[in-house]
Amino acid sequence: MTVTRRLLGQGAAAGFVALAAAPGLARAAGNLAGGDPIRVELRLGTPEGRHVFAPDRLRFETGRLYRLVLINDSRDPHYFTSDEFAARIFTRKVQVMQRGADGREAPLAEFKGTIREIEVYPGHAAEWWFVPVQTGRITDLRCGIVAPDGRTHAAHGMRGEIVIE
Ligand SMILES: [Cu+2]
């Protein structure tokens, strides 16, 4: 992964270009355009009202397309915020999902471009489709919402670690 890191410039867009041009990483470049994503579920908060990410450790590999499903089954809004993570990925899109009367989820809207943080409201979900382009151990995943006691959800334990290999 040192090769990938050396090739990268500032920001995910530069990383995308470097990956696409790097010999031996052709498959990674192909995934940026299409292919089946690897689905990963992350729950923001719990129905019982605990402010946590579940799981609170995530692991991704560079060059693969991921579909990170952020599910909020709690009664509070929650943020997925990580500047370090945002700087190490290429975002393909973020989808807002809506559950229909038949119980099936369908996309309601798509957002493209650089995304830095996502807030998911109670009872809803959002999907972040991305390709990691730079390795690293990321420790700034947090939810900055302030609870009624004046402390942030992060201070209540809503923090997480992401490793990109
Ligand atoms: Cu929160």
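Residues numbered from 1 in each chain as written. Predicted model: local features only at pLDDT ≥ 70, side-chain atom pairs only at ≥ 80, totals over all residues.

## Re the overall build of the chain
Along the backbone of the chain there are four helices and eleven strands. Counting all 165 residues of the chain, 29% fall into the buried class. For the chain, the share of sequence-separated contacts (at least 6 apart) that also reach a separation of at least 24 residues comes to 74%. (Helix = DSSP H or I, 4+ residues; strand = E, 2+ residues; numbered from the N terminus. Buried ≥ 20, exposed ≤ 12 C-beta atoms within 10 Å, placed from the backbone. Contact = placed C-beta atoms within 7 Å.)

## Examining the pairing of strand β1 (residues 38-44)
Where β1 meets strand β4 (residues 66-71), six bridges bridge the pair, whose relative direction is parallel. Bridging across to β4, R43 finds its partner in I71. With two bridges connecting them, β1 and strand β2 (residues 53-54) associate as antiparallel partners. Residue pairing across strands places L44 opposite F53, the latter belonging to β2. (Pairing = 2+ DSSP bridges.)

## Regarding unusual backbone geometry
Here the residue pair A54 and P55 is connected by a cis peptide bond, since its omega of 0 degrees sits within 30 degrees of zero. Looking at the element boundaries, P55 is found in the loop between β2 and β3 (57-60).

## A few points about the nonpolar core
Core analysis: the largest hydrophobic core is formed by 26 residues, its most contacted members being L44, L70, I89, F130 and V131. Those elements that provide at least two residues to this core are β1, β4, β5 (78-81), β6 (89-99), β9 (125-132) and β11 (159-164). Here this core takes five residues from β9, the largest share from any one element. (Core = buried A, V, L, I, M, F, W, Y, C linked by C-beta atoms within 7 Å.)

## A short note on the confidence of the model for the chain
Averaged over all residues, the pLDDT of the chain is 84; the fraction at 70 or higher stands at 79%. Low confidence marks residues 1-31, where pLDDT is under 50. Its contacts with residues over four positions away, or in another chain, come to 46 contacts. (pLDDT = per-residue confidence, 0-100.)

## Thoughts on the environment of P122
Topologically, P122 is positioned in the loop between β8 (117-120) and β9. For the pair P122 and S74, spaced 48 residues apart in the sequence, the C-alpha separation amounts to 5.6 Å.

## A look at the environment of R67
Structurally, R67 can be placed in strand β4. R67 sits 62 residues away from W129 along the chain, and the two C-alpha atoms are 4.5 Å apart. Leaving out residues up to four positions away in the same chain, R67 has contacts with P37, I38, R39, E127 and W129.

## Some words on the sheet that holds β1
On the basis of which strands lie adjacent, the open sheet formed by six strands has the order β2-β1-β4-β9-β6-β7 and mixed pairing. The sheet is open, and its two borders are formed by β2 and β7 (105-111), each paired with just one other strand.

## Quick notes on the environment of F53
Following the sequence through the fold, F53 ends up in strand β2. Along the backbone, F53 and R142 are 89 residues apart, and their C-alpha atoms lie at a distance of 8.6 Å. With residues up to four places along the chain from it excluded, the contact list for F53 reads L42, L44, L141, M158 and G160.

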